[in-house]
Amino acid sequence: MGKILVLFSGGTLSMAPNTDGVLAPSDNAETILKTVPGLREAADCDFELVCNIDSSNMQPEIWADLAQRIARAYDRYDGFVIAHGTDTMAYTASALSFALGNLGKPVVLTGSQKPLISLATDGINNLINAVRVAQMDLGEVCIVFGTRILQGNRSTKESDTKLNAFRSPIAFPIGEIEIDAYLRGQYTPRHEKKLTLQAAFENRIVVFQLFPGMEPDLIERVLVGNTCKGIVMLGFGPGNIPNGGRSLIGVIEQATAVGIPVLVTTQCSLRRGDMRQYLVGFDAVTAGAISALDMTDEAAITKFMWVLAQTQNPADVKRMMQTNYAGELTLS
Ligand code: ASP
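These numbers come from a predicted model, not from an experiment.

So, how was this worked out
Residues numbered from 1 in each chain as written. Predicted model: local features only at pLDDT ≥ 70, side-chain atom pairs only at ≥ 80, totals over all residues. Heavy atoms only, no water. Axes fitted to C-alpha atoms, helices over the stretch in contact; angles between N-to-C directions. Helix = DSSP H or I, 4+ residues; strand = E, 2+ residues; numbered from the N terminus. Parallel < 35°, antiparallel > 145°, perpendicular 65-115°, else oblique. Left-handed = near helix turned anticlockwise from the far one by under 90°. Contact = heavy atoms within 4.5 Å. Nonpolar A, V, L, I, M, F, W, Y, C, P; charged D, E, K, R; others polar. Buried < 20%, exposed > 50% of the residue type's maximum accessible area, 1.4 Å probe, protein only. Pairing = 2+ DSSP bridges. Polar contact = N/O pair within 3.5 Å; in protein donor to acceptor, adjacent residues only side chain to side chain.

Moving on, we get to the packing of helix α4 (residues 89-99) against helix α9 (residues 297-308). In the contact formed by α4 and α9, the axes pass within 8 Å of each other and the chain directions differ by 45°. The angle between α4 and α9 falls in the class oblique. The hand of the α4/α9 crossing is right-handed. The residues of α9 that touch α4, namely those facing Ala 90, Tyr 91, Ser 94, Ala 95, Phe 98 and Ala 99, are Glu 298, Ala 299, Ile 301, Thr 302, Lys 303 and Trp 306. Class assignment for the residues of the contact of α4 with α9 results in eight nonpolar, two polar and two charged.

Given below as structure tokens:
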């Protein structure tokens, strides 16, 4: 039986209806979690309460806390499970994949669509499967949810009702949960390299989802006052940006000129992020925009935060954003 550290951060898993009948974090979350039937038979588990929040309240300081706890306990455990709300699970999984360099053991995030106190909960299966996967030959951050084992920094939440709440749009699942759990895709097996920790994240960035008619003026306002450290634009198609009516190319030039990097991702979930395909993307790159290539939004945003905490140098930001650190992007 493997030794697993279960880090608890909250989420629906341990929630209960409050006096208004809406789901909220409950006071006895830790007890609920520790008494999940079958968990103690699945592995030799230790538990740590990191926080007890709805994951919509997740913060980069908690990502850092999670990463530090894993780093401190790294040699003492075979794997790590993080019980987490589903809403921002893909962000946390992505952030941890960057913070934990050379990761050679499984870090498995899981949660549930229905609370553990509900008869029809999916939480028991998810938790037990997460603990099983945390003992397997895997050296990366993954999400175990429903019947899927997914690479964390390629995942995104796709449903707030389905028991398979996550998918990894452009990466094959790294495994599946049937009667047993199987790893059968492309994944990093366990290894003995020394773990490195880089757990700082710059949160002073803004993310704009573009739409036809967006006013460049409104974006320009964030350039004033030296508080914004980076801009993310969710462009069209492969990362296209208006260069005609209400062009945003000038905003990219201005931001780049004052040292605020502009990262462009795409509104397509199945993505390649080739900004050199159309003039509307090419002009943005010429103006200084950095393509997020095929990273998910969650991976691109958390990586941008991670990179900006390490450097503000535009050339370094671009180089790092387009370097593959943890399987988060395809270099072609
Ligand atoms: N709002 C909840 C959370 O993310 C949803 C869930 O856990 O499924 O914490």
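The next thing to look at is unusual backbone geometry. With the exception of glycine, most residues fall at negative phi, and the peptide bonds are largely trans. In the Ramachandran plot, Asn 226 falls in the positive-phi region, its phi being about 60° despite a non-glycine side chain. Using a relative accessible area of 61% as the deciding quantity, one classes Asn 226 as exposed. Of note, Arg 246 is a non-glycine position whose phi angle comes to about 45°, a positive value. In this structure, Arg 246 sits in the loop between β16 (230-235) and α7 (249-257).

All right, on to the pairing of strand β1 (residues 3-10) then. Across the eight residues of β1, seven count as buried, placing the element largely inside the fold. Pairing geometry for β1 and strand β4 (residues 44-53), over seven bridges, is parallel. Each bridged residue has a counterpart across the sheet, and for Leu 5 the counterpart in β4 is Asp 46. The pairing of β1 with strand β5 (residues 79-83) spans five bridges and is parallel. Counted as the bridge partner of Val 6 is Val 81 from β5.

The strand order across the open sheet formed by four strands is β15-β16-β17-β18, and the pairing between neighbours is parallel. If you trace the sheet from one side to the other, it starts and ends with β15 (205-209) and β18 (290-291), each paired once. Where strand β17 (residues 262-266) and β18 come together, two bridges link them in parallel fashion. Directly across from Leu 263, in β18, lies its bridge partner Ile 290.

Contact geometry for α9 and helix α10 (residues 314-321): axes closest at 10 Å, N-to-C directions at 140°. Judged by the angle between their axes, α9 and α10 are oblique. Considering the relative orientation of α9 and α10, their crossing is right-handed. In this structure, α9 contributes Ala 300, Lys 303, Phe 304, Trp 306, Val 307 and Leu 308 to the contact, and α10 contributes Val 317, Met 320 and Met 321.

Time to look at the sheet that holds β5. Working definition: the strands of a sheet are paired by backbone hydrogen bonds and lie parallel or antiparallel to each other. Strand order across the open sheet formed by eight strands is β4-β1-β5-β7-β8-β9-β12-β13, with mixed pairing between neighbours. A single partner strand is all that each edge strand has here, and the edge strands are β4 and β13 (181-183). Looking at each pair of strands side by side, their axes are set apart by 20° on average, direction ignored. Direction of pairing for strand β9 (residues 148-151) relative to strand β12 (residues 175-177): antiparallel, over a ladder of two bridges. When the bridges of β12 are listed, Arg 148 appears paired with Glu 176. α4 contacts β5, β7 (107-110) and β8 (141-145) of the sheet and is inclined by roughly 155° relative to β8.

Within the secondary structure layout, Gln 113 lies in the loop between β7 and α5 (123-133). Take Gln 113: its relative accessible area is 15%, and that puts it in the buried class. A distance of 3.1 Å separates a polar side-chain atom of Gln 113 from the backbone oxygen of Ser 159. In this view, Gln 113 contacts Thr 12, Thr 86, Asp 122, Phe 145, Ser 159, Asp 160, Thr 161, Lys 162 and Ala 165; residues no more than four positions away in its chain are not counted.

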